[in-house]
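Survey of secondary and tertiary structure
What follows is the residue order along each chain.
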Amino acid sequence: MKNTSPWWIRIPFFFFLIFGLTEFYIDSGDKPAFIEYPMVQLFLVMILLILIAIELIVKSVENVMFQTLPEDAKERYLNAQAKKWEWAWASRIYKKLLGSKPIEEEAEIILDHNYDGIKELDNKLPPWWVYLFYATILFGVVYLARFHVFNGYDQDLEYEMEVAEAQAAIEEYRKTAKDLVDVNTVTLLTDASDLKAGQVIFDTNCAVCHMADGGGGIGPNLTDPYWILGGGIKNVFKTISEGGRDGKGMIAWKQTLKPSEMAQVASYVLSFQGKTSANPKDAEGELWIDENAAEEKEAPEEMASDTTTVAMNE
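What this report covers is the structure whose coordinates are included nearby. (Residues numbered from 1 in each chain as written. Predicted model: local features only at pLDDT ≥ 70, side-chain atom pairs only at ≥ 80, totals over all residues. Heavy atoms only, no water.)

Thoughts on the packing of helix 3 (residues 38-67) against helix 4 (residues 71-82)
Two elements in contact, helix 3 and helix 4, have axes whose closest approach is 10 Å; the angle formed by their N-to-C orientations is 140 degrees. Regarding the angle of helix 3 to helix 4, the classification is oblique. Here Glu62, Phe66 and Gln67 of helix 3 lie close against helix 4, whose contacting residues are Lys74, Tyr77, Leu78 and Gln81. (Axes fitted to C-alpha atoms, helices over the stretch in contact; angles between N-to-C directions. Helix = DSSP H or I, 4+ residues; strand = E, 2+ residues; numbered from the N terminus. Parallel < 35°, antiparallel > 145°, perpendicular 65-115°, else oblique. Contact = heavy atoms within 4.5 Å.)

A short note on helix 6 (residues 127-149)
Here helix 6 is 23 residues long and its end C-alpha atoms lie 32 Å apart, about the 33 Å a rise of 1.5 Å per residue gives. Count one or two residues on from helix 6 and you reach Asn151, which has phi positive near 55 degrees. (Expected span 1.5 Å × (residues − 1).)

Observations concerning the packing of aromatic side chains
Counted by the stated rule, this structure contains 12 aromatic pairs. Taking the centre distance of 4.6 Å and the plane angle of 45 degrees together, the rings of Tyr143 and Phe147 count as tilted. Pair noted here: Tyr143 and Phe147 are both in helix 6, with a separation of 4 residues, about one helical turn. With relative accessibility at 41%, the residue Tyr143 sits in the partly exposed group. (Phe/Tyr/Trp six-rings, centres within 6.5 Å; stacked < 30°, edge-to-face > 60°. Buried < 20%, exposed > 50% of the residue type's maximum accessible area, 1.4 Å probe, protein only.)

Here's the deal with the nonpolar core
Core analysis: the biggest nonpolar cluster contains 22 residues, and Phe202, Val236 and Ile240 have the highest contact counts within it. Take this core: its biggest share by element is 7 residues, from helix 11 (residues 259-270). With residues up to four places along the chain from it excluded, the contact list for Val236 reads Trp227, Gly230, Gly231, Ala266, Val269 and Leu270. Ranked by size, the runner-up nonpolar core spans 7 residues in total, among them Ile11, Val40, Leu44 and Leu51. (Core = buried A, V, L, I, M, F, W, Y, C linked by side-chain atoms within 4.5 Å.)

Now the structure itself:
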């Protein structure tokens with residue numbers, strides 16, 4: 001019989017197969033199972049010893065049976081073992097792609113040239129090289145037609161597409177990575193879950209100075225439109241993060257609260273605007289007018305005016 005695979009292939013194959021199945025079925029978190037659980041190491045060592053023992057037993061049985069064979073059977077067995085196993089179809093394809101003549105047929109393609117006993121063979125180009133050359137020609141024709149005849153995308157357009165995809169991926173990531181927010185990127189949160197989380201933070205840390213209804217105590221009133229350090233989500237976020245006025249303002253909370261938590265509590269603080277507290281404190285600071293909100297209100301009026309003018313011209 002032919003020896004299709006030697007022992008030094010069989011043993012590692014089955015060992016790593018069992019090793020892979022062990023890692024797949026045993027939940028060990030971020031660490032490999034054989035590191036997380038010492039028993040797995042013992043199991044794998046036992047498997048390796050068993051595989052080696054099986055090979056030794058099979059080899060011993062084979063040797064004993066070989067000794068019981070007659071001489072002619074031993075010879076046939078040894079000849080069969082000496083034959084190398086190979087893929088016949090793969091060998092045929094390899095020879096066809098190589099395109100070279102066997103040594104015994106080289107006399108058919110030998111040339112008359114003779115350089116100090118060195119003769120030259122008239123071998124054809126290897127078929128694989130010829131096929132590859134034809135493939136490059138076909139690729140060139142398709143490329144020429146697509147990008148130069150039918151005006152396919154160029155490098156500039158490809159760059160713009162990749163940048164747009166990257167920006168979309170960044171925006172998608174920012175939706176779930178709320179702690180990347182800072183004073184420049186923070187926006188007013190309106191989801192009920194964010195406002196509820198902001199209320200919990202406010203009641204725990206801020207209500208003692210600003211009162212639970214935002215009317216103000218030690219700290220200023222949060223229900224009126226007057227602000228000491230500026231209103232709006234960005235200014236309120238900055239005040240919470242960096243703290244109030246030196247010596248008499250509130251402490252900086254950036255070491256205690258996460259950026260997402262500061263955005264939540266800042267949004268909750270702004271929800272007090274326009275509400276009436278039980279015992280409101282006198283207004284402090286300056287009247288805050290949100291310029292962005294004013295521009296948004298003026299924009300529809302300008303559009304209406306432009307529409308009217310066009311209609312009149314017609």
